[in-house]
Amino acid sequence: MNRLFFLLLIPLTLSAYGQVDSTAVRRIYYHTMKLTEAQTDSIGYYAGYIGGIYDKDHWPEAKTMSLRLYGYYYENKANYPQAINYYLQALEAARRFGYIKHQTEALADLAAVYTQDMKQPAKAKEIYQECIRLNQQLGDVHSLLNCYINLGAIYNRLGLYDSALLFLNEGL
C-alpha cells in the first residue's frame with residue numbers, strides 16, 4: 001500500500017514543481033531592471049533565462065518581461081536602435097496579452113531612449129502622453145507623477161514653457 005501511495009505521489013509532485021513560480025520570476029525580472037551598465041552581461045543572461053521560461057511553459061508574461069530585458073540590455077550596450085526594437089516588441093506583447101502595467105513600463109523605456117539617447121523629444125512626448133492615459137486607467141499615482149514630470153521636462157526642452165509648467169503642476 002505504501003508503495004502504491006508513493007507511485008501516485010510522484011506525478012503530483014512533478015506537476016507541482018513543473019509549473020512556473022511566477023513570483024520568483026517577477027522578482028528576478030524587477031531585480032534585473034535595477035542592474036547597472038556595469039552588469040550588462042547579467043541583464044542579457046536573465047533576459048535569456050526568462051525567455052527560456054516562455055519557450056518552455058508558454059507563460060505570456062515571461063515573453064513580455066524577456067523582451068523588455070533585452071531592450072534594457074541593448075540600451076546599456078548603447079545600441080539604441082536595437083533597444084527600441086526590443087522595447088517595441090515588449091510593448092506589442094504586453095498589448096496582445098493585456099498587461100497594462102508592462103505596457104506603461106515599455107512606453108516609459110521607449111520615451112527615455114527617445115529623449116536621452118536618440119535626442120527626439122517630440123517622439124518621447126507622444127509616448128509619455130499614452131503612458132499617462134494608461135497610468136490613469138491603472139490608478140498608478142507614482143508612475144503617473146513620473147510621467148507628468150518627464151513630460152514637463154520635455155516641453156521645457158522644446159521651449160514650450162507654459163505647457164511644461166502645466167504638466168509639472170499636474171504632477172503636484
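Bear in mind the structure is a predicted one, so any value in this text is a computation, not a measurement. Along each chain, residues carry numbers from 1 onward, in the same order as the chain's sequence is written. Restriction of local features to residues with pLDDT of at least 70 applies here, the model being predicted, together with a cutoff of 80 or more for giving and counting side-chain atom pairs; totals for whole chains, interfaces and linings are based on all residues. Note that water and hydrogens are dropped before the side-chain values are worked out from all heavy atoms of the structure.

### Things to note about the overall build of the protein chain
Heads up, the condition is: Helix numbering and strand numbering both begin at the N terminus, where a helix is a DSSP run of H or I of at least 4 residues and a strand a DSSP run of E of at least 2. Each residue's exposure class comes from its accessible area (1.4 Å probe, protein chains only) as a fraction of the maximum for that residue type: buried when under 20%, exposed when over 50%, partly exposed otherwise. What makes two residues a contact is simply this: any of their non-hydrogen atoms within 4.5 Å. Under the convention used here, a 1.4 Å probe and the Shrake-Rupley method define accessible areas, while residue burial counts only the protein chains that appear.
When you go through the protein chain residue by residue, the secondary structure sums to nine helices and zero strands. Each helix (α) and strand (β) of the protein chain, taken in turn from the N terminus, gives the series α-α-α-α-α-α-α-α-α. Per-residue burial for the protein chain yields a buried fraction of 39% across its 172 residues. Considering only contacts within the protein chain whose residues lie at least 6 apart along the sequence, 49% involve residues at least 24 apart. Accessible area for the protein chain stands at about 10,100 Å²; split by element, carbon and sulfur atoms hold 56% of it.

### A closer look at the packing of helix α8 (residues 141-157) against helix α9 (residues 161-171)
To keep things clear, this is the line we draw: Fitted lines through C-alpha atoms give the axes, limited to the stretch in contact for helices. The angle between two N-to-C directions lies from 0 to 180 degrees. Should an angle lie under 35 degrees it is considered roughly parallel, over 145 roughly antiparallel, and from 65 to 115 roughly perpendicular; all remaining angles are considered oblique. For a crossing to be left-handed, the near helix must be turned anticlockwise from the far one by less than a right angle; the clockwise case is right-handed. When residues are sorted by character, Ala, Val, Leu, Ile, Met, Phe, Trp, Tyr, Cys and Pro go into the nonpolar class, Asp, Glu, Lys and Arg into the charged class, and all the rest, Gly among them, into the polar class.
Running from amino to carboxyl end, α8 crosses α9 at an angle of 165°, the nearest separation of the two axes being 7 Å. Comparing the axis directions of α8 and α9 gives the class roughly antiparallel. As α8 runs across α9, the sense of the crossing is left-handed. Of the residues in α9, those touching α8 at Leu-145, Tyr-148, Ile-149, Leu-151, Gly-152, Tyr-155 and Asn-156 are Tyr-161, Ser-163, Ala-164, Phe-167, Leu-168, Glu-170 and Gly-171. Split into classes, the residues belonging to the contact of α8 with α9 amount to nine nonpolar, four polar and one charged.

### Points about α9
Which entries qualify depends on this criterion: Relevant arc is that of directions from the helix axis to the C-beta atoms, nothing else.
Three or more residues of α9 are buried, namely Ala-164, Phe-167 and Gly-171. Considered in projection along α9, the buried side chains sweep an arc of 70° and stay on one side of the axis. Residues of α9 that are exposed and point more than 90 degrees away from the buried face comprise Asp-162 and Leu-166. The elements touched by buried residues of α9 are α7 (121-138) and α8.

### A closer look at unusual backbone geometry
Despite not being glycine, His-58 shows a phi value in the positive range, around 55°. The backbone of Lys-119 shows a phi angle near 55°, a positive value even though the residue is not glycine. For Lys-119, a relative accessible area of 61% translates into the label exposed.

### Thoughts on the packing of aromatic side chains
The condition is simple: In summary, the pairing rule links any two rings of Phe, Tyr or Trp, Trp by its six-membered ring, whose centres are within 6.5 Å, and it sorts them by plane angle into stacked for under 30 degrees, edge-to-face for over 60 and tilted for everything else. Only when the NZ atom of a Lys or the CZ atom of an Arg is both within 6 Å of the ring centre and within 35 degrees of the ring normal do we say a charge sits over the ring.
Under the counting rule described, the total for this entry stands at nine aromatic pairs. Aromatic pair Tyr-155 and Phe-167: ring centres 5.2 Å apart, planes at 10°, arrangement stacked. With Tyr-155 in helix α8 and Phe-167 in helix α9, this residue pair connects regions lying 12 residues apart in the sequence. For the residue pair Tyr-155 and Phe-167, the accessibility class agrees, reading buried in each case. Taken together, the ring pairs in this structure connect Tyr-70, Tyr-73, Tyr-74 and Tyr-86 into an aromatic cluster. Between Arg-96 and the ring centre of Phe-97, over which it is positioned, the NZ or CZ distance is 4.9 Å. Of note, Lys-123 hangs over the ring of Tyr-114, and the distance from its end group to the ring centre comes to 5.9 Å.

### What to know about the environment of Ile-132
You can see Ile-132 is positioned in helix α7. Under the relative-accessibility criterion, Ile-132 is labelled buried at 7%. Along the primary structure Ile-132 and Ala-108 are separated by 24 residues, whereas in three dimensions their C-alpha atoms are 9.8 Å apart.

### Quick look at the confidence of the model for the protein chain
We count it as follows: Each residue carries a pLDDT score, the predictor's own confidence in it, on a scale running from 0 to 100.
Considering every residue of the protein chain, the mean pLDDT works out to 89; 90% of them sit at 70 or more. Throughout residues 1-16 the model reports pLDDT below 50, and contacts reaching past four residues in sequence, or to other chains, amount to zero contacts.

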